Amino acid sequence: MATRIIGTGSATPAHVVTNSDLEGFLDTSDTWIRERTGIGSRHAATTETTTSLAAEACIKALEDAGKKPEDVDLILAATVSPDCTFPCLACQIQAEIGADNATAYDVNAACAGFLFALNSATAYIECGMYKNALIVGAEVLTKIVDWNDRSSCILFGDGAGAAFVEQADTGVVAMEQGANGKKGMVLYRYERPVQNPFCEKADEEVSQGSGFLEMNGQEVFRFAVSQVPESIQKVLVKAGWDISEVDHFVLHQANARIIQSIAKRLGEPEEKFPMNLQKYGNMSSASIPVLLDELNKAGELKRGEKLILSGFGAGLTYGATALIW
Ligand code: COA
């Protein structure tokens, strides 16, 4: 028994922010952003929320799979930018789409979140606990980036992607995932500090943190280009596949130079590494499922093809999944 993706969906906010738009209030340029990252524009929520984007992506994934909301056993939502800390995003999606029979909770593995959710759903389905799951990665990162920090805000965008998975004869073949918490502070965002009537420190002595996403870009870059190829090599061994058999490498869309470097390290042609970061920037947990949905809807994925999905991000977290489409 395996777990197979049988439907996908995605949603992005209507408002598009180009690099030239950023030139209006940041000391940056379209040329710098394109050369260093490959990004040309990103979508920014103005009326949309994490829940509304996620629900739209989920409804489309269910339609694509030919399923109804009441058919769903489990909703796993990956996000670092939910509308509320609680209730969790997955419960909000459940209410929004009417998936009344589903269990629902969130996964926080940042940009590897969708992959970790897929792996968790696969484990549940393979052990027989659930027959199917709706997995979604959804982010409104434009509310947590510092729009005065040109080294980080230019990278990120908003969106959501979802996949409906269920028991099947073939599908996920092997999973590889891991974490390195000791390096966690290269990409982080603090929550509210401990501050209550029982603390000795006066209010003004308590560091509030910036409240924004903070990042050491070069450290993250180094981590990605070494860890992702290693994860992919490990999952290939587990799957028993030669790398030349892989039809598509669907990677987290952080930076074109990261993806090109990974392709080079793996000795595989760049054509096997589709990208949509030019249009969307880095949408964290939503990057992989939005790309998957675009490839699916464009007819670029054929049933029976071999795919490697791979993500990395804050935590630090990383992983790869080998699956038959
Ligand atoms: N526009 C213009 N100049 C910028 C800039 C911007 N948006 N952002 C930074 N710079 C400047 C820096 O201030 C620095 O100037 P200096 O040399 O005068 O000090 C110069 O450009 C080079 O900065 P540096 O940080 O060395 O650039 P880089 O080549 O490492 O690229 C990133 C920066 C962020 C694009 C790159 O490190 C990266 O993509 N890292 C991975 C981040 C990531 O993917 N995070 C999410 C993971 S899920």
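Residues numbered from 1 in each chain as written. Predicted model: local features only at pLDDT ≥ 70, side-chain atom pairs only at ≥ 80, totals over all residues. Heavy atoms only, no water.

**Brief notes about the sheet that holds strand β8 (residues 172–179)**
At step 1: Taken together, four strands build an open sheet; the order of strands is β8-β13-β12-β11 and the sheet is mixed. Two strands in the sheet have a free side with no partner beyond their single neighbour: β8 and β11 (248–251). Neighbour-to-neighbour, the strand axes of this sheet turn through a mean angle of 10°, independent of strand direction.
At step 2: As defined by bridge partners, β11 adjoins strand β12 (residues 306–313) across four bridges and the pair is classed as parallel. Bridge assignment links L251 to a residue of β12, and that residue is S310.
At step 3: Packed on one face of the sheet, helix α7 (residues 217–239) meets β8, β11, β12 and β13 (317–324) and runs near 35° to β13. (Pairing = 2+ DSSP bridges. Helix = DSSP H or I, 4+ residues; strand = E, 2+ residues; numbered from the N terminus. Axes fitted to C-alpha atoms, helices over the stretch in contact; angles between N-to-C directions. Contact = heavy atoms within 4.5 Å.)

**Quick notes on the domain arrangement of the protein chain**
At step 1: Once the domains are mapped, the protein chain shows domain 1 (2–169) and domain 2 (174–188 + 210–324).
At step 2: Once you take the C-alpha centre of each, domain 1 and domain 2 turn out to be 16 Å apart.
At step 3: Facing 47 residues of domain 1, the contacting portion of domain 2 comprises 45 residues.
At step 4: In total, about 3500 Å² of surface goes out of reach between domain 1 and domain 2, with carbon and sulfur atoms giving 60% of it.
At step 5: Three residues, C111, L115 and N119, lead the burial of domain 1 against domain 2; their summed loss comes to 18% of the area buried on that side.
At step 6: Here domain 1 is connected to domain 2 by zero salt bridges.
At step 7: The class makeup of the residues in the side of domain 1 that touches domain 2 is 21 nonpolar, 18 polar and eight charged. (Domains from an automatic or database assignment. Buried area = accessible area lost by both parts, 1.4 Å probe. Salt bridge = Lys/Arg side-chain N within 4 Å of Asp/Glu carboxyl O. Nonpolar A, V, L, I, M, F, W, Y, C, P; charged D, E, K, R; others polar.)

**Some remarks on the environment of P87**
At step 1: Following the sequence through the fold, P87 ends up in the loop between β4 (74–78) and α4 (89–97).
At step 2: Note: C-alpha distance between P87 and A179 (92 residues apart in sequence) is 26 Å.

**Let's talk about the pattern of salt bridges**
At step 1: Applying the stated criterion across every chain yields a total of twelve salt bridges.
At step 2: As a salt-bridge pair, K306 and E245 come within 2.4 Å of each other at their nearest N and O atoms. Residue K306 is found in strand β12, and its partner E245 is found in the loop between α7 and β11; the two are separated by 61 residues along the sequence.
At step 3: One salt bridge in this structure joins K297 and D293, with 2.8 Å as the shortest N-O distance. With K297 and D293 both in helix α10 (residues 287–297) and four residues apart, this pair spans about one turn of that helix.
At step 4: Given a relative accessible area of 48%, K297 falls into the partly exposed group. (Buried < 20%, exposed > 50% of the residue type's maximum accessible area, 1.4 Å probe, protein only.)

**Quick word on the site of the ligand**
At step 1: The full set close to the ligand counts 21 residues, and T28, R36, G217, Q218 and N255 are the nearest of them.
At step 2: Measuring from a nitrogen atom of the ligand, one finds a backbone N or O atom of R150 at 2.9 Å.
At step 3: One of the side-chain N or O atoms of R257 is found 3.5 Å from an oxygen atom in the ligand.
At step 4: About the coverage of the ligand: the protein hides 74% of its 960 Å² of free accessible area. (Near = heavy atom within 4 Å. Polar contact = N/O pair within 3.5 Å; in protein donor to acceptor, adjacent residues only side chain to side chain. Areas by Shrake-Rupley, 256 points an atom, 1.4 Å probe, with all protein chains shown as cover.)

**Remarks on the pairing of β13**
At step 1: Counting buried positions over the eight residues of β13 gives eight, a clear majority of the element.
At step 2: In β13, alternate side chains face the same way, and those of T317, G319, T321 and L323 on one face and Y318, A320, A322 and I324 on the other are all buried.
At step 3: Of the strand pairs in this sheet, β8 and β13 are connected by seven bridges, and their pairing is antiparallel. Residue pairing in the sheet places E176 in a bridge with A320 of β13.
At step 4: Here β12 hands over to β13 after three residues, with G315 in that stretch at a positive phi of 150°.

**Structural notes on α10**
At step 1: Among the eleven residues that make up α10, nine are buried, leaving the element largely enclosed by the rest of the structure.
At step 2: Among all positions in α10, only S287, I288, P289, V290, L291, L292, D293, L295 and N296 are buried.
At step 3: Within two residues after α10, G299 carries a phi angle of roughly 75°, on the positive side.

**Let's talk about unusual backbone geometry**
At step 1: Note the cis peptide between F86 and P87, where omega equals 0°.
At step 2: Put simply, G315 and L316 share a cis peptide bond, and its omega is -10°.
At step 3: You can see L316 is positioned in the loop between β12 and β13.
At step 4: In this structure, A110 is a non-glycine residue whose phi angle is positive, near 50°.
At step 5: Along the chain, the position of A110 falls in the loop between β5 (103–107) and α5 (113–127).
At step 6: On the basis of relative accessible area, A110 is assigned to the buried category, the value being 7%.

**A few points about the nonpolar core**
At step 1: In this structure, I232, W241, F249, I262, F273, I308 and F312 are the most contacted members of the largest nonpolar core, which totals 47 residues.
At step 2: Counting only elements with at least two residues in this core, the list comes to α7, β11, α8 (256–266), β12 and β13.
At step 3: Ranked by the residues each element gives to this core, the list is headed by α7, at nine residues.
At step 4: The residue makeup of this core includes at least three contributed by each of domain 1 (2–169) and domain 2 (174–188 + 210–324). (Core = buried A, V, L, I, M, F, W, Y, C linked by side-chain atoms within 4.5 Å.)

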